[in-house]
Structures are given as C-alpha cells and as structure tokens.
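Single-letter residue listing:
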Amino acid sequence: MAGEYLKSSVHVHSKLCDGKNTLDEIAVTAWRNGLQTLGFSGHSHTPCDLEYCMTQSRTALYKAQVAKLKERYAGKLDILCGLEWDLFSDDDPTQYDYWIGSTHYVKGPKTGKYYEIDWREEDLRACIDDDFDGDASGRGRGILCQRGQGCREETDDSGPF
C-alpha cells in the first residue's frame, strides 16, 4: 500500500481559477503519467474575491467540462469534480464529489473589510493593524467565525494569528 497515494492527485487547479493549464491538458498529463485518480478542486465562488475564485458562470463551465472528462476517461482514469470551498463562499460544497475546506479571507470585526491573507502580506498587516490594534498575537481576544453567522469577538487567551 505504501506509495499508492502517489497515483492520485486531488488538489488541482485549472485556468478556470488560478491554475496554469486547462482541465483537458491536466487530464491528458495525469493519464499519460499513470495517475489512477485525478480530483479537480476549483476555487469556489466567493463574493468578496474577484481575483482567483471561479465566477458563477465559470463554475457552471467547470462542472460541465469535468463531467465530459469523466466520460472520456471512464475506465482509464478516475476523475472527480471537487471544490476548494472558502469559508465565505456562496457555493454548496455538497454538490461536488468532495471538497477541501479553506480560508483565504478574514473578515475584520471592526471594519467589516475582507482581507486576503494567503498571498499578500500587506493585507494581513492591514488586518492586524486596523482590526486588532496592531496586536498580531490577538492575546486576550479571539475571533470566532461560523458559517452563516459571521464573526464575533471572544475573550480568551487564543487569537487568530
């Protein structure tokens, strides 16, 4: 069983979000290299993100293209239609073969602003400065975020950073 996981890849992005290749190019490469399972995981539509998530129209295209690839590679390569689902996404992750939970944004409890915290250090710094009074440790104050209920401050010794 050791090494079997090397025949699968389930966190794969295409040009429909922030990847570099088309779904078809990725599937061909996976099949030619002997993968058994290929799971696409496009970034879910998230209203506060206009940069790397799929738009609602691209999401529909994504689902249709993955469905065609599933048919084309049936019996040769197991293709899954997955989703990298963000905390603030408005997509329904149960409508996919699988989903990967992620948080690319933090909503500031003071400003209400969404800060992209994965790639831009300046956004993370602005979040800490503007919403946490410059305290990166968050000591004595934490943020509890729950799907559909937003975020609220909690007083304890944990913090978001």
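Every value quoted in this text rests on a predicted model; they were computed, and no experiment measured them.

Colleague: Report on the overall build of the protein, specifying residues and quantitative values.
Modeller: Scanning the protein from terminus to terminus reveals three helices and eight strands. For the protein, the proportion of contacts with a sequence separation of at least 24, taken over those separated by at least 6, is 48%. With an accessible surface of roughly 9400 Å², the protein has 49% of that area assigned to carbon and sulfur atoms.

Colleague: I'd love a proper account of the packing of aromatic side chains, names of residues and values included.
Modeller: Applying the stated criterion to the full structure yields three aromatic pairs. Here the guanidinium or amino end of Lys-76 rests over the ring plane of Trp-31, the centre of that ring lying 5.7 Å away.

Colleague: Summarise the environment of Asp-92; cite the residues concerned and give the values.
Modeller: Among the secondary structure elements, Asp-92 is positioned in the loop between strand S3 (78-86) and strand S4 (98-102). In sequence terms Asp-92 and His-45 are 47 residues apart; their C-alpha atoms lie 9.7 Å from each other. Polar contacts involving the side chain of Asp-92 include one to the side chain of Thr-94, which spans 2.7 Å.

Colleague: Mind laying out the pairing of strand S2 (residues 37-43), listing which residues take part and the relevant values?
Modeller: Here S2 lies mainly inside the structure; seven of its seven residues are buried. Across the two faces of S2 the burial is the same, with Thr-37, Gly-39, Ser-41 and His-43 and Leu-38, Phe-40 and Gly-42 all buried. Across three bridges, the pairing between strand S1 (residues 8-12) and S2 is parallel. When the bridges of S2 are listed, Ser-9 appears paired with Leu-38. A crossover links S1 with its parallel partner S2, the connecting element being helix H1 (residues 23-32), and its sense is right-handed. Of the strand pairs in this sheet, S2 and S3 are connected by seven bridges, and their pairing is parallel. Bridging from a neighbouring strand, Leu-38 pairs with Ile-79 of S3.

Colleague: Describe the sheet that holds S1, listing the residues and the values that go with them.
Modeller: Read across the sheet, four strands follow the order S1-S2-S3-S4 without closing on themselves; strand pairing throughout is parallel. Where the open sheet ends on each side, the last strands, each with one partner, are S1 and S4. Neighbour-to-neighbour, the strand axes of the sheet open up by a mean angle of 20°, direction not taken into account. Note: S3 against S4, five bridges, orientation parallel. Bridge assignment links Asp-86 to a residue of S4, and that residue is Ser-102. Contacts between helix H2 (residues 56-72) and the sheet are confined to S2 and S3, with S3 contributing the most and set at about 160° to the helix.

Colleague: Explain the pattern of salt bridges to me, using residue names and the numbers behind them.
Modeller: Within this structure, the stated rule accounts for four salt bridges. Two residues, Arg-72 and Asp-24, come together in a salt bridge whose shortest N-O distance is 2.4 Å. Here Arg-72 is found in helix H2, whereas its partner Asp-24 is found in helix H1, with 48 residues between them in sequence. Residue class for Arg-72 comes out partly exposed when judged on its relative accessible area of 47%.

Conventions used here
- Residues numbered from 1 in each chain as written.
- Predicted model: local features only at pLDDT ≥ 70, side-chain atom pairs only at ≥ 80, totals over all residues.
- Heavy atoms only, no water.
- Helix = DSSP H or I, 4+ residues; strand = E, 2+ residues; numbered from the N terminus.
- Contact = heavy atoms within 4.5 Å.
- Areas by Shrake-Rupley, 256 points an atom, 1.4 Å probe, with all protein chains shown as cover.
- Phe/Tyr/Trp six-rings, centres within 6.5 Å; stacked < 30°, edge-to-face > 60°.
- Lys NZ or Arg CZ within 6 Å of the ring centre and 35° of its normal.
- Polar contact = N/O pair within 3.5 Å; in protein donor to acceptor, adjacent residues only side chain to side chain.
- Buried < 20%, exposed > 50% of the residue type's maximum accessible area, 1.4 Å probe, protein only.
- Pairing = 2+ DSSP bridges.
- Right-handed = clockwise from strand over helix to strand, strands pointing away.
- Axes fitted to C-alpha atoms, helices over the stretch in contact; angles between N-to-C directions.
- Salt bridge = Lys/Arg side-chain N within 4 Å of Asp/Glu carboxyl O.

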